[in-house]
Every structure is written in C-alpha cells, then in structure tokens.
Amino acid sequence: MSRLPLRLITFDVTDTLLRTSIAQHYASAAASQGLGRLNGERLERAFRANYKRLSAAHPNYGKSSGLGWQGWWRQLVHDVIRDQQRDARDDKLDKIADNLIECYSTNECWQLCPGALELLDSLSQRRPRLVLGVVSNFDERLEAVLRSARIRSYFNFVLTSYQFGKAKPNPEIFQEALRLASSHAGEKIEADRALHVGDRLDNDYDGARSANWRAILVNRGGDAGGKPVDPRVDPSDVFKNFDDLRKHFEKVLDCKDEPR
C-alpha cells in the first residue's frame, strides 16, 4: 500500500533545529551579577523542575493567566537561581532575567543542531511544491531567534503556541498549520500529506499523529544513553540524526508515492 507524496513538512525548534546550554548561559548571567559559581548540573535540574511546575500553573508561557511570557520567564529565572542562591536580591535576579531574555532572543544562546542546515537546504530545493513550516511551543521571540540563526528564510510560515493560543500536543495547532500551508500553496493540503519532525514523543510525535499527520521522531541519544523510544512508535519513524533524515527525505520525495 502506498501514500500520496508529502506537501508539507513542519519542524519543532527546541532540541530539534536549535539547542542550548542552560548550565552555561544561566551560570554566566548569574556571574555577571556577582552571584558566584553555580553548579551546572543543579542548574539543569532546577530548570527542568521549575519549567514543569510553572507550565502547569501558567500554561503556554502565561498567555491566558495574565502572567505573560516575559513575566513567565522572569519568574522561572528567579526560581532556578534561588535553588542555589536563596538570598539573592530581587534586583539582581531581575537583571539576570533581563540578560537571559535578551540572550535567548538571538543566536548568542542558541546553536543549530548538527545537520540542520544541510537538511533545510535539501528540502528547500523542492519548494514551492513542498511547503516548509515551524510548529513550536515558543513565545513571541521565535521569529527573531530564527532570523538571528539565519534559518527563517527556509520556512513559509512560523506558528508558535503563544501566537495561536494553544500548544502542542493539541491537534488544533496542527490544523492551523495546515490552514497556513494551504494558503501558501494556493490549494488545500490534506492532513495525510503533512509531516511533523520533532524530538518529543508527547508534543511532537503524538501531537501530530492525533491530528492525522505523519510524524518523525528525532532521537539523537540512540544507543548512547538517550531516552528509550516508546514501543508504540513505528521504528521507521525514528531517526538518530539529521544526516540520516536528509537521506530518507531525498529518497522518498523523489518517489511518485511513498511506501509504508
């Protein structure tokens, strides 16, 4: 059995196209305010724990709770730093937060994941028949981030959870992406001709599949200690790196139809 060729490919951003070092940048920002040397592992742990807690209390970067994305990140920075510097003054923490909010608006705090540029170059050669987009749980800075990283021009559209008001894995954000892609294509693109690439099983793979899209999971850890892939995931949907994914796309996109 075969499937019709893809018309739309979208990408997640954080840890899919771009990556960062929380330990490096948070420690540097804290040091600039004289808070001393912070333990990188503790910074990473505190960031994950407080990100999860704050996301539950104020979903989608505080979009609907009244906190707003800047207030959301400022609160997160305060909590992460105070995990090791309990007596840090609010004015110093505010300056650290402002520093990090600005840094994370540019490529100063972001790096392209290996193979991302080569993959996007390869896919962009298939436009306009193939529409490329971004679907990301991100705040208002994403356009600036992608421009600073010099990859914004590869995408026909950029859709963020903060802009749309709903976050992955909600299928409605994928439906909105289809609407945007169809507008760029000048014709309706059906869900079964769309594919999303991401690194998270819940937000990316399950989210796309719940919207009747195809999905690819980038599991860079692989055998080197990365999180195991859920047994529900088709192994053919999992790639360890962008080089393998680029070769896969070059093969399947040259076919009139795609084998299952």
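Residues numbered from 1 in each chain as written. Predicted model: local features only at pLDDT ≥ 70, side-chain atom pairs only at ≥ 80, totals over all residues. Heavy atoms only, no water.

Can you walk me through the overall build of the protein chain in this structure?
For the protein chain, the helix and strand inventory stands at 11 helices and 10 strands. Its C-alpha atoms give the protein chain a radius of gyration of 19 Å, within 12% of the compact-globule value 18 Å for 260 residues. Its C-alpha atoms put the protein chain at 65 × 40 × 35 Å along the principal axes. Buried residues in the protein chain amount to 47% of all 260 residues. By sequence separation, contacts in the protein chain at least 24 residues apart represent 67% of the contacts at least 6 residues apart. (Helix = DSSP H or I, 4+ residues; strand = E, 2+ residues; numbered from the N terminus. Rg over C-alpha atoms; globule rule 2.2 N^0.38 Å. Buried < 20%, exposed > 50% of the residue type's maximum accessible area, 1.4 Å probe, protein only. Contact = heavy atoms within 4.5 Å.)

Looking at this model, I keep getting lost on the pairing of strand β7 (residues 194-198). Mind explaining?
As a general feature of sheets, a regular strand has side chains that alternate between the two faces. Of all 5 residues in β7, 5 are buried; the element is thus mostly enclosed. Judged by which residues are buried, β7 turns out to be covered on both faces: Ala-194, His-196 and Gly-198 on one side and Leu-195 and Val-197 on the other are all buried. Of the pairings in the sheet, the one linking strand β2 (residues 8-11) to β7 comprises 4 bridges and is parallel in character. By the bridge assignment for β7, Leu-8 is matched with Ala-194. (Pairing = 2+ DSSP bridges.)

Looking at this structure, how should I read the sheet that holds strand β8 (residues 214-218)?
Adjacent strands of a sheet pair through backbone hydrogen bonds, lying either parallel or antiparallel. A sheet is described by the order of its strands in space; here 6 strands give the open sequence β6-β5-β2-β7-β8-β9, paired in parallel fashion. Sheet topology places β6 (157-160) and β9 (238-239) at the edges, where each strand pairs with a single neighbour. Across 2 bridges, the pairing between β8 and β9 is parallel. Paired with Leu-217 across the two strands is Val-238, which belongs to β9.

Is there a simple way to explain the domain arrangement of the protein chain in this structure?
How big an interface is tends to be stated in terms of the accessible area lost upon association of its parts. Segmentation of the protein chain into domains returns domain 1 (8-17 + 113-254) and domain 2 (20-109). Centre-to-centre separation of domain 1 and domain 2, based on C-alpha positions: 27 Å. Counting residues at the interface gives 15 residues for domain 1, matched by 12 residues for domain 2. Three residues, Arg-141, Ser-148 and Tyr-162, lead the burial of domain 1 against domain 2; their summed loss comes to 55% of the area buried on that side. Taken together, the links from domain 1 to domain 2 amount to 0 salt bridges. At the junction of domain 1 with domain 2, the criterion picks out 9 residue pairs in polar contact (both at pLDDT 80 or more). For the side of domain 1 that touches domain 2, the secondary-structure elements that each account for two or more residues are α7 (142-148) and α8 (161-164). Grouping the amino acids of the side of domain 1 that touches domain 2 by side-chain chemistry returns 6 nonpolar, 5 polar and 4 charged. (Domains from an automatic or database assignment. Buried area = accessible area lost by both parts, 1.4 Å probe. Salt bridge = Lys/Arg side-chain N within 4 Å of Asp/Glu carboxyl O. Polar contact = N/O pair within 3.5 Å; in protein donor to acceptor, adjacent residues only side chain to side chain. Nonpolar A, V, L, I, M, F, W, Y, C, P; charged D, E, K, R; others polar.)

So what exactly am I meant to see when it comes to the state of the cysteines here?
In protein structure, a disulfide is the covalent linkage between the sulfur atoms of two cysteines. Applying the stated criterion across every chain yields a total of 1 disulfide. Residue Cys-103 pairs covalently with Cys-109 via a disulfide, S to S 1.7 Å. Classification of the bridge connecting Cys-103 and Cys-109 rests on its S-S torsion, roughly 95 degrees, and on that basis the disulfide is right-handed. Cys-109 gets classed as buried once you look at its relative accessible area, which sits at 2%. (Disulfide = S-S within 2.5 Å.)

Where do I start with the packing of helix α1 (residues 22-31) against helix α5 (residues 90-103) in this structure?
For any two helices packed against each other, the geometry is given by the interaxial angle and the distance between the axes. Orientation of α1 relative to α5, taken along the N-to-C sense of each, is 140 degrees, at an axis distance of 9 Å. Classed by the angle they form, the pair α1 and α5 counts as oblique. Handedness of the α1/α5 crossing: right-handed. Where α1 abuts α5, its residues His-25, Tyr-26, Ala-29 and Ala-30 lie against Ile-96, Asn-99, Leu-100 and Cys-103. Among the residues forming the contact of α1 with α5, the class breakdown is 6 nonpolar, 2 polar and no charged. (Axes fitted to C-alpha atoms, helices over the stretch in contact; angles between N-to-C directions. Parallel < 35°, antiparallel > 145°, perpendicular 65-115°, else oblique. Left-handed = near helix turned anticlockwise from the far one by under 90°.)

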